[in-house]
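# Descriptive analysis of the structure
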Amino acid sequence: MRTTQARHEEYFSFLRSVSLLQGLPEEKLAKVVDCLEVDYFEKGEYIIREGEEGNTFFIIAKGEVIVTQSTEGLAEPQEIKTLGVGDYFGEKALISEDVRSANIICSENDTHCLVVDRDNFNQMVGTYEELQSYLKEYVEELSRSDERRNAL
Ligand code: WNU
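Now for a look at the structure at hand. For every chain, the first residue of the written sequence is number 1, and numbering continues from 1 onward in sequence order. Residues qualify for local features only when their pLDDT is at least 70, as the model is predicted, and side-chain atom pairs are given and counted only at 80 or more; totals for whole chains, interfaces and linings, by contrast, use all residues. Working from all heavy atoms in the structure, the side-chain values ignore hydrogens and water.

The next point concerns the overall build of the protein. The secondary structure content of the protein amounts to 5 helices and 8 strands. In this description a helix means any DSSP run of H or I spanning at least four residues, a strand means any run of E spanning at least two, and both kinds are numbered starting from the N terminus. Helices (α) and strands (β) of the protein occur, in sequence order from the N terminus, as α-α-β-β-β-β-β-β-α-β-β-α-α. Its C-alpha atoms give the protein a radius of gyration of 16 Å, within 12% of the compact-globule value 15 Å for 152 residues. The principal-axis extent of the C-alpha atoms belonging to the protein is close to 50 × 35 × 25 Å. The buried share among the 152 residues of the protein stands at 41%. A contact between two residues is defined here by any heavy atoms of the two lying within 4.5 Å. Taking the contacts inside the protein whose residues are at least 6 apart along the sequence as the reference set, 75% of them involve residues at least 24 apart. All accessibility values rest on the Shrake-Rupley procedure with a 1.4 Å probe; residue burial counts only the protein chains present in the view. Of the roughly 8,600 Å² of accessible surface on the protein, a fraction of 45% belongs to carbon and sulfur atoms. Throughout, radius of gyration means the C-alpha value; the globule benchmark is 2.2 Å times the number of residues raised to the power 0.38. Between buried and exposed lies partly exposed: a residue is buried under 20% and exposed over 50% of the maximum accessible area for its type, with that area taken using a 1.4 Å probe on protein chains only.

Take the sheet that holds strand β2 (residues 46-48) next. Ordered by their spatial adjacency, 4 strands build an open sheet running β2-β7-β4-β5, and the pairing between neighbours is antiparallel. The open sheet terminates on both sides in strands that have one partner only, identified here as β2 and β5 (78-83). Pairs of neighbouring strands in the sheet enclose a mean axial angle of 30°, with direction left out of account. Any two strands between which DSSP finds at least two bridges are classified as paired. Pairing of strand β4 (residues 65-69) with strand β7 (residues 103-106), which is carried by 4 bridges, proceeds in the antiparallel orientation. Bridging across to β7, Val67 finds its partner in Ile104. Axes here mean lines fitted to C-alpha atoms, for a helix over just the part in contact, with angles spanning 0 to 180 degrees between N-to-C directions.

Bringing the site of the ligand into the picture now. Here a residue is near a molecule or strand as soon as one of its heavy atoms is found within 4 Å of it. Gly90, Glu91, Arg100, Ser101 and Asp146 are the nearest of the 21 residues found near the ligand. Two N or O atoms count as a polar contact when they lie within 3.5 Å, although within protein this holds only if one can serve as hydrogen donor and the other as acceptor, and sequence-adjacent residues are included solely when both atoms are side-chain atoms. Note that a nitrogen atom of the ligand is positioned 3.4 Å from one of the side-chain N or O atoms of Gln69. A distance of 3.0 Å separates a nitrogen atom of the ligand from a polar atom in the side chain of Lys81. Protein contacts shield 99% of the accessible area of the ligand, which totals 610 Å² for the unbound molecule. When residues of the shell around the ligand are traced back to their parent elements, those giving at least two are β4, β5, β6 (88-89), α3 (91-96) and α5 (129-148). Here the element with the most residues in the shell around the ligand is α5; it accounts for 4 residues. A breakdown of the residues in the shell around the ligand according to their chemical character gives 11 nonpolar, 4 polar and 6 charged. Ten residue types, Ala, Val, Leu, Ile, Met, Phe, Trp, Tyr, Cys and Pro, are classed as nonpolar, four, Asp, Glu, Lys and Arg, as charged, and the remainder, Gly among them, as polar.

On to helix α1 (residues 4-17), then. Here the expected span of a helix is defined as 1.5 Å times the quantity of residues minus one. Its 14 residues place the ends of α1 20 Å apart at the C-alpha level, agreeing with the 20 Å of an ideal helix rising 1.5 Å per residue. Taken together, the buried positions of α1 are occupied by Tyr11, Phe12, Phe14 and Leu15. Take α1 and look down its axis: the buried residues cluster within an arc of 165°, on one side only. Among the structural elements, α2 (26-34), β1 (37-41), β3 (56-62) and β8 (111-117) are those in contact with the buried residues of α1. Arc definition: it is the arc formed by the directions from the helix axis to the C-beta atoms.

So this is what it looks like as structure tokens:
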């Protein structure tokens, strides 16, 4: 059996390698690991649905997802990007205090996501100013690209 200690070390060293979290102090990162949940998805499963309320932030630990979004005049949501290991998503609803702005669909079997809830996300981001301003700017950039593609 894998011990709690081993699990902690595994996710700690993985999160160390995630570029977004590079500047986070060790003790903060250890706290993030303590409050993580791990969710598992199969190909085709929706992890996030556009328009729904959301209170979680995700980091991909294994596998791949695609991002799709509904746009004006097109019947089907359009694929806008693919995300893989070390990439993250779900920050926009938390930062903009809005509903989910795109779909996130699992595109590889046995995808693992580390899930951080709103309170822990706020604690992680709130104590680290660079991270906060980086994400804020990124979210504004996402809103601009949504407008360019006439997202609904
Ligand atoms: C995009 N437009 C919108 C991505 C992930 C992290 C960063 C880009 Cl910092 P949410 C749906 C999620 C959203 C974002 C993600 O989809 N997303 C996008 C776009 O062009 N969302 N509106 N590209 S991948 C990505 C930057 O995380 O957060 O909570 O749920 O709205």
